[in-house]
Amino acid sequence: MTNSSPAAKADTAKLEAESRNATKAQFAEFWYYFSQNKGAVIGLAIFALLVVMAVFAPVLAPHDPDVQYRDSFLAPPIWQEGGKAAFLLGTDWVGRDILSRIIYGARYSLGIAVMVVIFSVTTGVCLGLLAGYMRGVVDVVIMRIMDIILSFPALLLALVLAVILQPGLKSAMFAISIVLLPHFVRLTRAAVLSERSRDYVVAARIAGAGHIRLMFTTILPNCLAPLIVQATLSFSNAILDVAALGFLGMGAQPPTPEWGTMLAEAREFILRAWWVVTFPGLAILITVLAINLVGDGLRDALDPKLKRS
Amino acid sequence: MLRFILGRIGLLIPTFFGVTFVAFLFIRLLPGDPLELLAGERGISPERKAQLMVQMGFDKPFLQQYWDYVVGIFHGDLGVSFASKKPVLDEFLTLFPATAELALCAIILAVCLGIPAGIFAAVKRGSFFDQTIMGTALVGYSMPIFWWALLLIVFFSGTLGWTPVSGRISLMYFFPQVTGFMLIDSLLSGEKGAFLSALSHLILPSIVLATIPLAVIARQTRSAMLEVLGEDYVRTARAKGLPPRRVIGLHALRNALIPVITTIGLQVGVLLTGAILTETIFSWPGIGKWLIESISRRDYTVVQGGLLMIAGVIMVVNLIVDVLYGLINPRIRHN
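Predicted model, so just to flag it, every value in this text is computed and none were measured.

Rules of the game
Residues numbered from 1 in each chain as written. Chains lettered and ligands numbered in written order. Predicted model: local features only at pLDDT ≥ 70, side-chain atom pairs only at ≥ 80, totals over all residues. Heavy atoms only, no water. pLDDT = per-residue confidence, 0-100. Helix = DSSP H or I, 4+ residues; strand = E, 2+ residues; numbered from the N terminus. Contact = heavy atoms within 4.5 Å. Buried area = accessible area lost by both parts, 1.4 Å probe. Salt bridge = Lys/Arg side-chain N within 4 Å of Asp/Glu carboxyl O. Polar contact = N/O pair within 3.5 Å; in protein donor to acceptor, adjacent residues only side chain to side chain. 1 Å grid on protein atoms, 1.4 Å probe; cavity = no way out; pocket = protein on both sides within 12 Å on 5 of 7 lines; lining within 4 Å. Points joined across faces, edges and corners; volume = space filled by probe spheres on them. Nonpolar A, V, L, I, M, F, W, Y, C, P; charged D, E, K, R; others polar. Expected span 1.5 Å × (residues − 1). Buried < 20%, exposed > 50% of the residue type's maximum accessible area, 1.4 Å probe, protein only. Arc of directions from axis to C-beta.

(A) Focus on the confidence of the model for chain A. In this model, chain A carries a mean pLDDT of 88, and residues with pLDDT of at least 70 account for 97%. No element of chain A has a lower mean pLDDT than helix α13 (residues 304–308) of chain A, at 53, and none a higher one than helix α2 (residues 38–55) of chain A, at 95.

(B) Main features of the interface of chain A and chain B. Between chain A and chain B, the residue contacts involve 37 residues of the former and 41 residues of the latter. Between chain A and chain B, a total of about 3600 Å² is buried, with carbon and sulfur atoms accounting for 82% of that surface. At the boundary of chain A and chain B, one finds one salt bridge. Here Arg-219 of chain B makes a salt bridge to Asp-296 of chain A, at a shortest N to O gap of 3.1 Å. Between chain A and chain B we count four residue pairs in polar contact (both at pLDDT 80 or more) in total.

(C) Main features of empty space enclosed by the protein. Under the definition given, this model contains two cavities of 30 Å³ or more. Space inside the largest cavity adds up to approximately 60 Å³. If you list the elements that add at least two residues to the lining of the largest cavity, you get α4 (98–134), α11 (259–266) and α12 (274–302) of chain A. Per element, the largest residue contribution to the lining of the largest cavity is three residues, and it comes from α11 of chain A. Class assignment of the residues belonging to the lining of the largest cavity gives a composition of six nonpolar, no polar and three charged. Taken together, Pro-164, Val-165, Ser-166, Gly-167, His-201, Pro-205, Phe-282 and Trp-284 of chain B make up the lining of the second largest cavity. Classifying every residue of the lining of the second largest cavity gives five nonpolar, three polar and no charged.

(D) The arrangement of α2 of chain A in detail. All names here are of chain A. Compared with an ideal rise of 1.5 Å per residue, which puts 18 residues at 26 Å, α2 spans 26 Å between its outermost C-alpha atoms and is within 8% of the ideal. Buried within α2 are the following residues: Ala-40, Gly-43, Leu-50 and Ala-54. Around the axis of α2, the buried residues are gathered within 80° of arc, so they sit on the same side. What points out from α2, more than 90 degrees from its buried face, is the exposed set Lys-38, Ile-42 and Leu-49. Close packing links the buried residues of α2 with α1 (6–36), α3 (57–60), α4 and α12. Two or three places before Gly-39, at the opening of α2, Asn-37 has a side-chain oxygen 3.2 Å from that residue's backbone nitrogen.

Following this line, the structure appears as structure tokens:
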């Protein structure tokens, strides 16, 4: 009998349809548990708005973020006495529109966080899979390197790396990726260790699956839940760390409208013009809070232990 | 137990060498010639450079240099600061009490507020109080603390004028350092008003530094308590007719605190990271401010030494937490 016989084709089509239905059912179940957490849904909505803001910044921003309006230095927000309709959230000390800078800043913060998380997740998962699957010397070497990274406070290590690589956005991104890496390696390794002796993995090995297939196709999909939750947490950490590095002058450099850099530049005006400090910080807080709310919801929806309780 | 402790120390040895290697590599990875970097903008003559190469051991093979560096560390030699010309270790030891005082106050604040808040939220699960406490904790956990510090300065120092903006104590007071902890030294000095001045300087930085640990501890206590409150022995205690306060305070809390202690230990890294930002904003003369200033002054031996010492502090504290955890949880000890 060959695979091309009509009966075999019908079987394959049936299996594919079943698999599609199973995926749909899984997603429906996930969404049911996720949507039980109202905070998570609100967080997701805010996060979606922030993404829209970042993508359509040139359309949404009322002004160019770098243009200095010489007649409007430190103009207060519109609702305060002396505020101007053209500058909703006021201007900074060189007359740049704060709202436009915050809208453009979303591009930097979210963009950097996405890059950082992609780098940390892919590298961390590969290293964790290698360590957990290979064991032995590979495991020891990888895990001791991760222990060393974890021995340093994250921000200090990021600062030192930024010094070595010269301050700037790229080096800040690389530094934060390295700092976040051990969490993914440890999580993946732990999950792989608990999965590798399960029957389905042994069955796949006996059926002749190679190492790469066993690692990435057989084991990895069953370790995804904690990794997704960790990726969300790392996303918010990355935003905070980028802002902190910018604040300390080791991240994005002025006049880049990155939120932390904006705060650093505004520091000396805090007692004279509260708005130059308040709004960029509020933008960081709202973004991080929204992502953490989503993270809590994901954890509730993906953790089977919590589902049962 | 001794085997358990020795095992944990044994695990630290490769990490210790790794950490020293990172600190050793730091100066060698900087772009440019390390000696010219260390000399700064004044530059250096070729003769002096050759002399320094030999003096600092840069002419030796790489591994020999690393070995000399490690031997130096065991002799307390972390190099000399290029800015102050003082040994890095001396500077660290002078400044460390300031950071320790701040970090201790912050962690005491976080534990004293976080654990009761977590217990209360767990006991009143699903209530308005639970939601408010957990909502506040999530905001605290998401807080960019450098911004939070600026807001507190604007409100409490700028608008209300209640607290000073920077430093550890008013310049009016001068007394010798005994413990390095300003609160204790000011009390010992007997100078009128000195203690209050030190306390008022400490309040805002402590609140800022405590914010994230407080939120983490409250969340962790709540989830640990919820887990324990569902256990059979708690139900039995309730069924025996014990008053709720005794069930929660004695039966549940003792076991719920085990994971919380680990969480508190893990906050040391968070505190030291936070100290870098908090000390910079409040001009608090501790390790964090010292490191940031050294980075901007390009005083790289200080950065190298500080990096090593901070990693050392974190490693030691983690070891203590591990041992404590084994001490109170026999399951860990016997695995």
